2 protein chains.
Amino acid sequence: MTERRASDAGAPTMRDVAARAGVSAMTVSRVLKDDARVSEASRERVLRAVDALGYRRNETARRLRLGSSGMIVLIVTNLANPFYSRLALGVQEVASEHGLRVVLSNTAEEYERERSAVADFASRQMDGMIVVPAGSNHRHLTPSALRGMPVVLASRPPAGMDADCVLVDDFGGAEEATRQLLADGHRKIGFLGNPPALYTGAERFRGYWSAHEAAGVEPDERHIRRGLADVGTAERAATALLADPEPPTALFCTNNRLTKGAIRAVRTLGRPVALAGFDDFDLAEVLGLPLTIVSYDADEIGRRAAQMLIDRINDRSEAPLPARRTVVPTHVIRYGGAPA
Amino acid sequence: MTERRASDAGAPTMRDVAARAGVSAMTVSRVLKDDARVSEASRERVLRAVDALGYRRNETARRLRLGSSGMIVLIVTNLANPFYSRLALGVQEVASEHGLRVVLSNTAEEYERERSAVADFASRQMDGMIVVPAGSNHRHLTPSALRGMPVVLASRPPAGMDADCVLVDDFGGAEEATRQLLADGHRKIGFLGNPPALYTGAERFRGYWSAHEAAGVEPDERHIRRGLADVGTAERAATALLADPEPPTALFCTNNRLTKGAIRAVRTLGRPVALAGFDDFDLAEVLGLPLTIVSYDADEIGRRAAQMLIDRINDRSEAPLPARRTVVPTHVIRYGGAPA
DNA sequence: CTGTTAGCGCTTTCAC
DNA sequence: GTGAAAGCGCTAACAG
């Protein structure tokens, strides 16, 4: 029957350590923070007690007191897309350098999931969040909705509000790839695009169109398909385009899934068609198809987004930082077309 | 100068809501929990006050009181591998059905990162964790090291301890694929393997060997390479094997990265070589190579692991549940080899 | 250098 | 049905 009041649930508390070391809880706290001036003697005894008891500081309690969770959230639309898993790795890299943990959430492109995740994480006192928004309604991401919790958007820009964001040079990449196809002599370049309501979809289409204008070539509207979502729809769309009496000799695809659909269609067809598209992928070089890929560093998007977020979290100035925007460059890779 | 003591940092607290609704904090708590018997009148007033103030319950404080975080951790070795991002999606799917958030951590196969992540998450009062262990030292995952926090291992079994785990039928899948190659008449089947110290590496090799024994064929040790880590090393190893005066006519690869290396080697060589390997991947069917793939549902591993973990978290029985083990089946897919 | 006091925001317990 | 008191485990702000 001692004075020691260990929590019955098992884990020793700071008090237990203090009692064992013969000091106050405050001294234990200081030792663990590695911060204040504590005598070498006390430090030793505390550390010994910590060890003996197998004590681990309760971060939940600590964070309640400190008023921050030490975690940031990353909300993506589709973790199965390698683009987003790379982005996540970039975020983790920078976050961990700053002692922040990353909580990851997947929305499957569903707005309602995003909204509820955002609300939930706000309740959990997250230090900030990086969001790849699923829709174009960003009401739930406004400063007032989030009570000042910092947000950075990735991949898609803010709509109807101001916020930091990291984008890809969607326009430039699409324009460059299209220009190369035109330079190769293609005059009928089909377009397989994701929904025009998406920023990336709109920008990439704009790039495709702009390259045509610059070359004085008029794209054939009949060879343009937008609003494609996955490999299957892209494959069918490509097959249909290529069955045209005057079929395109090349296809431009706005993302990796659509490119894969187009590849399947071309393989099935057996006739050589030049392919171009966003997002590099494994084994592109062994396909034996003429492939023009717009590539970029997805990790870098994550790293930049995390850095922006951390800058904002650490910002203690009176006047809030103005919203910043950064664009990750693209580059075009050409894979050879050893004819099959 | 009112009695209301709003926290200066901004966010309203339960007290603020209570004051505005003219009730006690307890009543607010009950309404929010949707749990206790509260008069309809009080409920209304509380909800109105919540709305007016834009109040959000502070989960950190709540969790401190409750003694659990409402979050589980998933620690993987390589999120860039689609296998693990699918696994993560499976975990999220089941976790969110149970109102649990998932914190994701990547170890890049480094033991030290894993160890420190585990310790940190234990401090954060996570409700449980799912780990794909990076090494074979699992000391930091023992019940005593974790003070009873539930753990489930995925992909690799526990070493030197007992724990729930979800595995893939590595042996069976490798055996089946090898058997099919043998049935095709191959008698010289090379082996490109990941490190034998890894469970998957050992099991897949065992399956390869077992199929040979069953067929009365002796594998040629000179055609066996183990300890391969990435696409590059696999490509070089495959190239070397195929340069043998009596080269293998088929290659078995223990994972997707090694298969990709082998594909590159075979493409470069130009001579037809049958390929088999673990892990399905996009576009396998359009490569135009004879490809035998051992496939399995990576999401399912995540779902099962999450379910096991939740069972354990919810287990309140005196005698702890015995450690359980479940094996996810594999199936073999054969992609046609339209000769290049 | 060290300890005491107070309280982060919530919920459990126990009265009424 | 409702509220007052107590405290989860920790740390900032003061003393000394």
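Note that the structure is a prediction, hence the values are computed from the model and not measured. (Residues numbered from 1 in each chain as written. Chains lettered and ligands numbered in written order. Predicted model: local features only at pLDDT ≥ 70, side-chain atom pairs only at ≥ 80, totals over all residues. Heavy atoms only, no water.)

Draft legend 1. Up close: the packing of helix H8 (residues 170-183) of chain A against helix H9 (residues 199-215) of chain A. Residue and element names in this part refer to chain A. It is the contact of H8 with H9, at a shortest axis distance of 7 Å, that shows an interaxial angle of 40°. Considering the angle they form, H8 stands oblique to H9. When the axes of H8 and H9 are compared, the crossing they make is right-handed. Contacts between H8 and H9 involve Asp170, Phe171, Ala174, Glu175, Thr178, Arg179 and Leu182 from the former and Tyr199, Thr200, Glu203, Arg204, Arg206, Gly207, Tyr208, Ser210, Ala211, His212 and Ala215 from the latter. By residue class, the composition of the contact of H8 with H9 is seven nonpolar, five polar and six charged. (Axes fitted to C-alpha atoms, helices over the stretch in contact; angles between N-to-C directions. Helix = DSSP H or I, 4+ residues; strand = E, 2+ residues; numbered from the N terminus. Parallel < 35°, antiparallel > 145°, perpendicular 65-115°, else oblique. Left-handed = near helix turned anticlockwise from the far one by under 90°. Contact = heavy atoms within 4.5 Å. Nonpolar A, V, L, I, M, F, W, Y, C, P; charged D, E, K, R; others polar.)

Draft legend 2. Examining the interface of chain B and chain A more closely. Across the boundary between the two partners, chain B contributes 51 residues, which contact 51 residues of chain A. Considering only the side of chain B, the residues that lose the most area to chain A are Arg56(B), Arg101(B) and Arg124(B), jointly responsible for 16% of the buried surface there. Among the ionic pairs, Glu285(B) bridges to Arg264(A), the shortest N-O distance being 3.1 Å. For the interface between chain B and chain A, the tally reads 23 residue pairs in polar contact (both at pLDDT 80 or more). At the level of elements, helix H4 (59-66), helix H5 (82-97), strand S2 (101-106), helix H6 (111-123), helix H7 (143-146) and helix H11 (256-269) of chain B are the ones that each hand at least two residues to the side of chain B that touches chain A. When residues in the side of chain B that touches chain A are grouped by element, the largest group, seven residues, is from H6(B). The residue inventory of the side of chain B that touches chain A, partitioned by class, reads 25 nonpolar, 12 polar and 14 charged. (Buried area = accessible area lost by both parts, 1.4 Å probe. Salt bridge = Lys/Arg side-chain N within 4 Å of Asp/Glu carboxyl O. Polar contact = N/O pair within 3.5 Å; in protein donor to acceptor, adjacent residues only side chain to side chain.)

Draft legend 3. Region of interest: the protein's contact with DNA strand C. Around DNA strand C sit 24 residues, and of these Arg30(A), Ser42(A), Met14(B), Met26(B) and Tyr55(B) come closest. Atoms of DNA strand C within 4 Å of the protein: sugar and phosphate make up 62%, bases the balance. Here a base nitrogen of DNA strand C sits 3.0 Å away from a polar atom, N or O, in the side chain of Arg65(A). Take the surface near DNA strand C: its biggest share by element is four residues, from H4(B). Broken down by class, the residue content of the surface near DNA strand C amounts to nine nonpolar, eight polar and seven charged. (Near = heavy atom within 4 Å.)

Draft legend 4. Inspection of the sheet that holds strand S8 (residues 250-253) of chain B at higher detail. Residue and element names in this part refer to chain B. Spatial ordering of the open sheet is given by S7-S6-S8-S9-S10-S12, a layout of six strands whose pairing is mixed. A single partner strand is all that each edge strand has here, and the edge strands are strand S7 (224-225) and strand S12 (331-335). Against the sheet, helix H8 (residues 170-183) makes contact with strand S6 (189-192), S8, strand S9 (274-278), strand S10 (291-295) and S12, and its axis sits at roughly 35° relative to S12, the strand it touches most. Against the sheet, helix H10 (residues 231-242) touches S6, S7 and S8, its axis set at about 155° to S6. (Pairing = 2+ DSSP bridges.)

Draft legend 5. Representation of the environment of Leu89(B) in the model. Here Leu89(B) shows up in helix H5. Sequence separation between Leu89(B) and Ala234(B) is 145 residues, and the spatial gap between their C-alpha atoms is 29 Å. The residues contacting Leu89(B), other than those within four sequence positions of it, are Leu79(A), Ala80(A), Asn106(A) and Asp299(B).

Draft legend 6. Just the environment of Asp51(B), in detail. Relative to the helices and strands, Asp51(B) resides in helix H3 (residues 40-53). Residues Asp51(B) and Thr292(B) lie 241 residues apart in sequence; the distance between their C-alpha atoms is 59 Å.

Draft legend 7. Structural view of the protein's contact with DNA strand D. Around DNA strand D, a shell composed of 25 residues is seen, among which Met14(A), Tyr55(A), Thr27(B), Arg30(B) and Ser42(B) lie nearest. Among the atoms of DNA strand D lying within 4 Å of the protein, the sugar-phosphate backbone contributes 64%. Within the side chain of Ser29(A), a nitrogen or oxygen atom sits 2.7 Å from a phosphate oxygen of DNA strand D. In the surface near DNA strand D, the residues fall into nine nonpolar, eight polar and eight charged.

Draft legend 8. A look at the relation of the copies chain B and chain A. Superposing chain B onto chain A requires a rotation of 180° together with a translation of 0.0 Å along the rotation axis, leaving an RMSD of 0.1 Å. These values place the two chain copies in the arrangement generated by a two-fold rotation axis. If distances are taken from each C-alpha of chain B to the rotation axis, the shortest is found for Val103(B), at 2.2 Å. (Least-squares fit on C-alpha atoms with pLDDT ≥ 70 in both.)

Draft legend 9. Region of the structure containing empty space enclosed by the protein. According to the stated counting rule, one finds two cavities of 30 Å³ or more in the structure shown. Of the pockets and cavities examined, the largest cavity occupies roughly 160 Å³. Along its surface, the largest cavity is lined by 13 residues, and Thr60(A), Met71(A), Thr60(B), Ser69(B) and Met71(B) are the ones closest to its centre. Only helix H4 (59-66) of chain A together with H4 of chain B provide two or more residues apiece to the lining of the largest cavity. Partitioning the lining of the largest cavity into residue classes produces three nonpolar, four polar and six charged. In this structure, the second largest cavity occupies an estimated 30 Å³ of space. Leu74(A), Ala88(A), Gln92(A), Val102(A), Leu104(A), Leu79(B) and Leu104(B) together form the lining of the second largest cavity. Of all the secondary-structure elements, those providing two or more residues to the lining of the second largest cavity are helix H5 (82-97) and strand S2 (101-106) of chain A. Its residues assigned to classes, the lining of the second largest cavity comprises six nonpolar, one polar and no charged. (1 Å grid on protein atoms, 1.4 Å probe; cavity = no way out; pocket = protein on both sides within 12 Å on 5 of 7 lines; lining within 4 Å. Points joined across faces, edges and corners; volume = space filled by probe spheres on them.)

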